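# A structural walkthrough
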Amino acid sequence: MKLSIVIPVYNEVSLVAECVRRVLAVDIGMEKELILVDDGSTDGTREQYERIRQEHPGQNLRFLLHSHNRGKGAALRTGFAQATGQIVLVQDADLEYDPRDYPRLLAPILDGKADVVYGSRFVGGDAHRVLLFWHMVGNKLLTLLSNALTNLNLTDMETCYKVFRREVLDGIRLTSNGFEFEPEITAKVARLGCRIYEVGVSYSGRDYSEGK
């Protein structure tokens, strides 16, 4: 079995190499492919990709480039279209989310219980950096609205960590270019009647001075 990890990247020159290192370091007991989709970075991020490839010989790394910034949703669509794994996981390049959470994210799918897994920042006892009250309120309001429209009871619809069985993505046509990807994918997996699980994950958020 293979896990495809799709990583949208935009202007993460100081973190992208470390992100790849941490993702590759996680032992999940299956083959991994990393698909980095650069969404028009202009800060020198793109110049690092060949060095990253050379630092990890033999690893399944792919770097896909958008000619200009199109948005997270567009980057994910590009990555999903190229993914070859039976399971597909979304990882942001900014390392607010910890790849060491992969085993718990994958467990409900590997156990045959789930088709989709969301990693929630608002459940469980894992470490969370304390930041940005109004950002948290906004996330919760968006989740509440999404739940009202989908009849789900998610705690964190806007989370980066979303994991899908390949068949789920194959059955959905996505159109969003920006962060509206999150409610779109949620509505469409709900409409398909997917078995959706939510697990707690750690979170180390950045503030605006750190590039949020």
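Reference entry: report on the structure contained in this document. Because the structure is predicted, anything quoted here is derived from the model rather than measured. (Residues numbered from 1 in each chain as written. Predicted model: local features only at pLDDT ≥ 70, side-chain atom pairs only at ≥ 80, totals over all residues. Heavy atoms only, no water.)

### Section: the environment of Gln82
Here Gln82 shows up in helix H3 (residues 72-82). Through-space distance from the C-alpha of Gln82 to that of Tyr97 is 23 Å; in sequence the pair is 15 residues apart. (Helix = DSSP H or I, 4+ residues; strand = E, 2+ residues; numbered from the N terminus.)

### Structural notes on the environment of Ala81
Within the element layout of this structure, Ala81 appears in helix H3. Here the alpha-carbon distance between Ala81 and Asp170, two residues 89 residues apart in the chain, equals 9.1 Å.

### Digging into the packing of aromatic side chains
According to the stated counting rule, one finds six aromatic pairs in the structure shown. Members of the aromatic cluster, each reached through a chain of ring pairs, are Tyr97, Tyr102, Tyr161 and Tyr203. Over the aromatic face of Tyr203 sits the side chain of Arg121, whose NZ or CZ is 5.1 Å from the ring centroid. (Phe/Tyr/Trp six-rings, centres within 6.5 Å; stacked < 30°, edge-to-face > 60°. Lys NZ or Arg CZ within 6 Å of the ring centre and 35° of its normal.)

### A look at the pattern of salt bridges
Per the stated rule, a full pass over the model turns up 17 salt bridges. For Arg195, the salt bridge is made with Asp115, and the minimal N-O distance between the two is 3.0 Å. A residue pair is termed long-range when its members are at least 10 positions apart, and Arg195 in the loop between helix H7 (181-191) and strand E7 (196-200) and Asp115 in the loop between helix H4 (102-110) and strand E5 (116-120) qualify at 80 residues. By relative accessible area, which is 37% here, Arg195 ends up partly exposed. The shortest N-O distance in the salt bridge between Lys162 and Glu182 comes to 2.5 Å. Of the two residues, Lys162 sits in strand E6 (residues 162-165) while Glu182 sits in helix H7, which places them 20 residues apart along the sequence. In terms of burial, Lys162 and Glu182 fall into one category: buried. Taken together, the shared-partner salt bridges connect Lys72, Asp92, Lys162 and Glu182 into one network. (Salt bridge = Lys/Arg side-chain N within 4 Å of Asp/Glu carboxyl O. Buried < 20%, exposed > 50% of the residue type's maximum accessible area, 1.4 Å probe, protein only.)

### Some details on the sheet that holds strand E1 (residues 2-9)
With mixed pairing, the seven strands of this open sheet are ordered in space as E3-E2-E1-E4-E6-E5-E7. Lying at the two open borders of the sheet, with one neighbouring strand each, are strand E3 (61-66) and E7. The mean angle between the axes of side-by-side strands here comes to 20°, regardless of whether they run parallel or antiparallel. Where E5 and E7 come together, five bridges link them in parallel fashion. (Pairing = 2+ DSSP bridges. Axes fitted to C-alpha atoms, helices over the stretch in contact; angles between N-to-C directions.)

The values are spatial; any link to function lies outside them.
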